[in-house]
Amino acid sequence: MRRAFVAVWVVLGLAGALDHTIAERAFGARIDLMLPHLKYGYVMFNENPRTVSVFSYAGADGARHDLADLVATPAPGYAHARVAIDASFMPAYLAEVCLRAERATHQEYDFFVDTYQVDPGSSTLASSKVLHCSPRGLRDGAAGDR
Amino acid sequence: MVRPAIDRFFRAFEGTRNAYPVAVFRIAFYVGIALHFFPSLLWFDEGYRPGALRSDEWSEWLFGHFWRFPQRDLHLLAVLTIVACVMGIVGVLPRVAAIVGGIGLYCFASFNALHLQTLALVETWAILLLSMICGGGAEALSVQALVRRWKTGAAAPPRESRLFAGLVLYQVLLAVFFAGVEKVLAGWPFTNEMSIVLSYPRGFLVRDWVAGSSFMHGWLVTHFATWFTMLVELGTPIALLFKRTRLVALVLYQAFFLGIVAMLEVPPLFYFTFAFGGLLALDDEEVDRLCARLRRPS
């Protein structure tokens, strides 16, 4: 019984790994293996974007701070990365951060979206965008592509 | 010929082993979970108030039916989940902790994955599921073990079933190895991919000291980081299985994960799961030697 369980677990783990490496390339599709730990394969930084955005904000004092400082839910050790990834993959997230911050502080903010072109050994600011956060929501501010 | 090979393979999952590596892993794993999930569960309204922005990464059914769950019940589930994780840390009824904690964490990750970086959780589900099925992990460094020792006065070194530890080690090393395979398939040997990762601007994935250090963006350092990553990911999961190469592999493995967490903004759960999971490769003799060295006065 124990050996059967071990064998099934080992084979399922391998199937989950191959599902995301070989199967997708060979058959163009994945098989749904049902279990949550087999859903996404084993990926760590295998493909990395060459264009990335960094998010910051300025309040009444005009000084720039990382946008992560406006997010109430802590993320010990990875706060900046979490905000950058969430905002990159879900653009509506910026409006959510604005809504929460404005409601909590009753202040207006400027959000800055700085987009960088990343090349081996260096990153260059490619464009910069300003969004204004107010009780009316998040709107294009003094936008200006460089 | 085949039978002894099969027996040798299954021996890693049968019998008992020194309980300390499993206990250290249990504590680290649940501390990682606490650091990862407790902020979302304590700042509850940020992620789980009606109308909150949500993302669907796990159970579609739970995501779709989120609005049907009364907020009072969700608060209760959050409290139970936190209690279960604390039980996991201190080592009380580890199987119950895994069942209650696992169900709660999976529900909350399914309701809203926005604050819970998805790829950090893949191994978490596997280990929680193993803990639900196999139990164990609280024979040492736990309240349960303390109470047992107090009641029985047993002085024998604690032992733990190999099943849970063996399968956790398999799961962790499988993920590390296939992360390496994915990198080879993505073309890492030809692209010096770490020269991109380490060149990200301040505020995106890299820690501030890396973004501000021109040394870390140099050709030599980035090539070393790229090849070291592939060497560790493809080599150490195999080298850790053999006694002759285990210690060297473990040093490289630990250096690799320490390097990741020092250079990149990754969730602590990622580090705790992988770095401490690697310690399960140590056999009884190696653990005894390590304990003796730690006990020896400097």
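Residues numbered from 1 in each chain as written. Chains lettered and ligands numbered in written order. Predicted model: local features only at pLDDT ≥ 70, side-chain atom pairs only at ≥ 80, totals over all residues.

All right, on to the overall build of chain B then. Each helix and strand counted, chain B has 16 helices and two strands in total. Compactness check: chain B gives a C-alpha radius of gyration of 21 Å against a globular reference of 19 Å for 298 residues, within 12% of the reference. Expressed as lengths along the three principal axes of its C-alpha atoms, the size of chain B is roughly 55 × 55 × 50 Å. Counting every position in chain B, which comprises 298 residues, the buried fraction comes to 46%. Considering only intrachain contacts with a sequence separation of at least 6, the fraction spanning at least 24 residues in chain B is 79%. (Helix = DSSP H or I, 4+ residues; strand = E, 2+ residues; numbered from the N terminus. Rg over C-alpha atoms; globule rule 2.2 N^0.38 Å. Buried ≥ 20, exposed ≤ 12 C-beta atoms within 10 Å, placed from the backbone. Contact = placed C-beta atoms within 7 Å.)

What follows is about the overall build of chain A. What chain A contains, in helices and strands, is three helices and five strands. Listed N to C, the secondary structure of chain A is α-β-β-α-α-β-β-β in terms of helices and strands. Whereas a compact globule of 146 residues would reach a radius of gyration of roughly 15 Å, chain A reaches 21 Å, over 25% beyond that. Summarising its shape, the C-alpha atoms of chain A cover approximately 65 × 35 × 25 Å along the three principal directions.

All right, on to the interface of chain A and chain B then. Contacts between the two partners involve 45 residues from chain A, matched on the other side by 52 residues from chain B. Listing elements by their share of the side of chain A that touches chain B, those giving two or more residues are helix H1 (2-27), strand S1 (51-58), helix H2 (79-89), helix H3 (92-105), strand S3 (109-119) and strand S4 (122-134) of chain A. The dominant element in the side of chain A that touches chain B, judged by the number of residues it contributes, is H1 of chain A, at eight residues. Residue composition of the side of chain A that touches chain B, grouped by class: 26 nonpolar, 11 polar and eight charged. (Nonpolar A, V, L, I, M, F, W, Y, C, P; charged D, E, K, R; others polar.)

Residues and elements named next belong to chain B. Packing of helix H2 (residues 20-42) against helix H6 (residues 94-111) brings their axes to within 12 Å, and their N-to-C directions diverge by 35°. Crossing hand, H2 versus H6: left-handed. For the pair formed by H2 and H6, the contact residues are Arg-26, Ile-33, Phe-37, Ser-40 and Leu-41 on the first element and Pro-94, Leu-105 and Phe-108 on the second. When grouped by side-chain class, the residues that make up the contact of H2 with H6 number six nonpolar, one polar and one charged. (Axes fitted to C-alpha atoms, helices over the stretch in contact; angles between N-to-C directions. Left-handed = near helix turned anticlockwise from the far one by under 90°.)

Moving on, we come to the confidence of the model for chain B. Per-residue confidence for chain B averages 93 on the pLDDT scale, and 99% of its residues sit at or above 70. Interface confidence for the predicted complex, given as ipTM, is 0.92, next to a pTM of 0.94. (pLDDT = per-residue confidence, 0-100.)

A positive phi angle, near 55°, is found at His-106 of chain A, a position not held by glycine. Relative to the assigned elements, His-106 of chain A resides in the loop between H3 and S3. Exposure remark for His-106 of chain A: the 8 C-beta atoms within 10 Å place this residue in the exposed category. Positioned with a positive phi, Leu-141 of chain B is a non-glycine residue whose angle comes to about 50°. By secondary structure assignment, the location of Leu-141 of chain B is in the loop between helix H7 (122-134) and helix H8 (143-152).

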